[in-house]
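Residue-level structure breakdown
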Amino acid sequence: SNESTYSKDLLGKTVLISAGPTYEPIDPVRFIGNRSSGKMGYALAEASIRRGAKVHLISGPVALPPPQGANVEYVETAREMQEMLFKHFPSADILIMAAAVSDYTTDSTLAQKKKKDGTEWTLHLKENPDILSALTKSRHPGQTIMGFAAETSLVRKELQDKLRRKGVDLLASNNISEPGSGFGSENNSILLLTHDGSSFEEKSGSKKDLADWLIDRIILLRNRILS
Ligand code: CTP
Ligand code: CA
């Protein structure tokens, strides 16, 4: 649609967005990771640019063109994503953590490709650092932080617990077991927990429309006029 239909309500603001999966190598050709197309995070980057923001997009491996006008940094592992986010976080007004960070990594990555030999391969997995929780602990006043949660069922109490645990202002959740929603699809349905965990709002639509709606919610919260 027409660029001029958007107001430049993020002019002068810096938005830091993470998107896509992270890959944790187990040997030079294989990895473990969480599923993510990166489409929601990229749509949020494009919407922020249209609305006048300076955008730093920290992207895991995805098959999407870089949003025009964004400063894109490509990363692979959760550790690389954490480093890049910490580099840009101090100067960000808004953080949108849309990445699907791999929950696990291995401490025994093989240097050579493992050849199949008909036997089992046992991996030892350890939890990755919680990047979002670490970032929110170092936040400064004036920063607004949105987290994401991809769940197979949306239990409101559990979402409120996750919002508090992560220390975010808003938590956008989607039910990935709903047909036609979530991973890879163009459309999505979001249950947004906002106002410090006290109110829920729901919206379905294209990822582009949802991106503008989510940014509206961030701006409303920043302006403290959210009812
Ligand atoms: N996240 C993160 N670092 C991790 C895991 C998740 O920064 N190691 C971020 C995600 O980018 C998302 C938010 O935390 O914005 C919630 O992610 P989610 O996977 O729902 O939460 P987890 O803490 O990983 O809990 P679980 O997967 O067990 O529900
Ligand atoms: Ca997770």
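All residue numbers refer to position in the chain's written sequence, counted from 1. Chains and ligands are labelled by the order in which they are written, letters from A for the one and numbers from 1 for the other. Given that the model is predicted, a residue must reach a pLDDT of at least 70 before its local features are reported, and side-chain atom pairs must reach 80 or more before they are shown or counted; all residues, however, enter totals for whole chains, interfaces and linings. With hydrogens and water excluded, all non-hydrogen atoms of the structure serve as input to the side-chain values.

A look at helix α5 (residues 207–222)
Just so we agree on the cut-off: Only runs of H or I of at least four residues qualify as helices and only runs of E of at least two qualify as strands under DSSP, and these elements are numbered from the N terminus. Under the convention used throughout, the expected extent of a helix is 1.5 Å for every residue step, that is, one less than its residue count. Throughout, exposure labels follow a simple rule: accessible area from a 1.4 Å probe, protein chains only, divided by the maximum for the residue type, with under 20% read as buried, over 50% as exposed, and the rest as partly exposed. Residue contacts are defined here by distance: any two heavy atoms, one from each residue, within 4.5 Å place the two residues in contact.
Between its terminal C-alpha atoms α5 stretches 22 Å, which fits the 22 Å expected from 16 residues at 1.5 Å a residue. When α5 is considered as a whole, its buried residues turn out to be K207, L210, A211, D212, W213, L214, I215, R217, I218, I219 and L221. Residues of α5 that are buried sit in contact with α1 (39–50), β6 (94–97), β9 (144–151), β10 (170–175), β11 (187–194) and β12 (199–206). Note on α5: the residue one or two positions beyond its end, R224, has a positive phi of about 55°.

Remarks on the packing of α1 against α5
Formally: Simply put, an axis is a line fit to the C-alpha atoms, just over the touching stretch for a helix, and the angle between two N-to-C directions goes from 0 to 180 degrees. Any angle that falls under 35 degrees is termed roughly parallel, while one over 145 is termed roughly antiparallel, one within 65 to 115 roughly perpendicular, and all others oblique. Handedness of a crossing is defined here by the sense of rotation of the near helix relative to the far one, left-handed for an anticlockwise turn of less than a right angle and right-handed for a clockwise turn.
At a closest axis distance of 8 Å, the pairing of α1 and α5 adopts a crossing angle of 60°. Judged by the angle between their axes, α1 and α5 are oblique. As for the relative orientation of α1 and α5, their crossing is right-handed in sense. For the pair formed by α1 and α5, the contact residues are K39, M40, A43, L44, A47, S48 and R50 on the first element and K207, K208, L210, A211, D212, L214 and I215 on the second.

Some thoughts on the UniProt feature "binding site: CTP" (unreviewed entry) in the chain
Our working rule: UniProt positions are given in the numbering used here, feature names are shortened, and annotations may be inferred rather than shown by experiment. Using a grid of 1 Å spacing that covers the protein atoms alone, one calls a set of points a cavity when a 1.4 Å probe fits there but cannot get out, and a pocket when the set is open and has protein on both sides within 12 Å along at least five of seven lines; lining residues are those with an atom within 4 Å of a point. We call two N or O atoms a polar contact when they sit within 3.5 Å, provided that within protein one can donate a hydrogen and the other can accept it, with sequence-adjacent residues counted only if both atoms are side-chain atoms.
UniProt tags D103, K113, P129, D130, I131, L132, F148, K162 and K166 as "binding site: CTP" (unreviewed entry). These residues run over 64 residues, and the two farthest C-alpha atoms among them are 38.1 Å apart, placing them at more than one spot. Of the residues annotated just before, the largest pocket has D103, P129, D130, I131, L132, F148, K162 and K166 among its lining. Following the sequence through the fold, D130 ends up in the loop between β8 (125–127) and α3 (131–137). Of note is the side chain of D130, whose polar atom sits 3.3 Å from the backbone nitrogen of L132. Exposure remark for L132: the relative accessible area of 7% places this residue in the buried category. Those residues within four positions of L132 in sequence are excluded, and the remaining contacts are L95, M97, I145, G147, K166 and V168.

Concerning the coordination of the calcium ion (ligand 2)
Coordination angles at a metal have ideal targets, namely 109.5 degrees for four tetrahedral donors and 90 or 180 degrees for six octahedral donors. In plain terms, the rule: Coordination shells were defined by N, O and S atoms within 2.8 Å of each metal, extended to 3.2 Å for Na, K and Ca; water is absent from the atom set, which can make sites look incomplete.
Those donors, D103 (OD) and D103 (OD), are the protein atoms that reach the calcium ion (ligand 2), and they lie 2.4 to 2.6 Å from it. Tracing the backbone shows D103 in the loop between β6 and β7 (104–106).

Structural notes on the packing of aromatic side chains
For the record, the criterion: Between the rings of Phe, Tyr and Trp (Trp by its six-membered ring), a pair exists once the centres lie within 6.5 Å; its type follows the angle of the planes, with under 30 degrees stacked, over 60 edge-to-face, and the other angles tilted. By the criterion adopted, a ring carries a charge over it if an Arg CZ or a Lys NZ lies within 6 Å of its centre and within 35 degrees of its normal.
Evaluated as defined, the whole model comprises one aromatic pair. Aromatic pair Y23 and F31: ring centres 3.6 Å apart, planes at 15°, arrangement stacked. In this structure Y23 comes out as partly exposed when scored by relative accessible area, which is 23%. You can call F31 partly exposed: its relative accessible area is 43%. The aromatic ring of F200 is capped on one face by R156, whose charged end is 4.5 Å from the ring centroid.

A word on the site of ligand 1
The cut-off we apply is this: Near, as used in this document, describes a residue that has one of its heavy atoms within 4 Å of the molecule or strand being considered. For the accessible areas, the method is Shrake-Rupley and the probe is 1.4 Å, while residue cover comes only from the protein chains on display. Whether a molecule lies in a cavity or pocket depends on its atoms, and more than half of them have to be within 2 Å of the grid points. Following the grouping adopted for this structure description, the nonpolar residues are Ala, Val, Leu, Ile, Met, Phe, Trp, Tyr, Cys and Pro, the charged ones are Asp, Glu, Lys and Arg, and the polar ones are all others, Gly among them.
M97, A99, L132, K162 and K166 are the nearest of the 13 residues found near ligand 1. Note that an oxygen atom of ligand 1 is positioned 2.8 Å from one of the backbone N or O atoms of M97. One nitrogen or oxygen atom from the side chain of K166 is found 2.7 Å from an oxygen atom belonging to ligand 1. Burial of ligand 1 by the protein amounts to 76% of the accessible area it has alone, namely 570 Å². Among the detected pockets, ligand 1 sits in the largest pocket. Elements represented by at least two residues in the shell around ligand 1 include exactly α3, β9 and α4 (156–166). With three residues, the top contributor of residues to the shell around ligand 1 is β9. Class assignment of the residues belonging to the shell around ligand 1 gives a composition of eight nonpolar, one polar and four charged.

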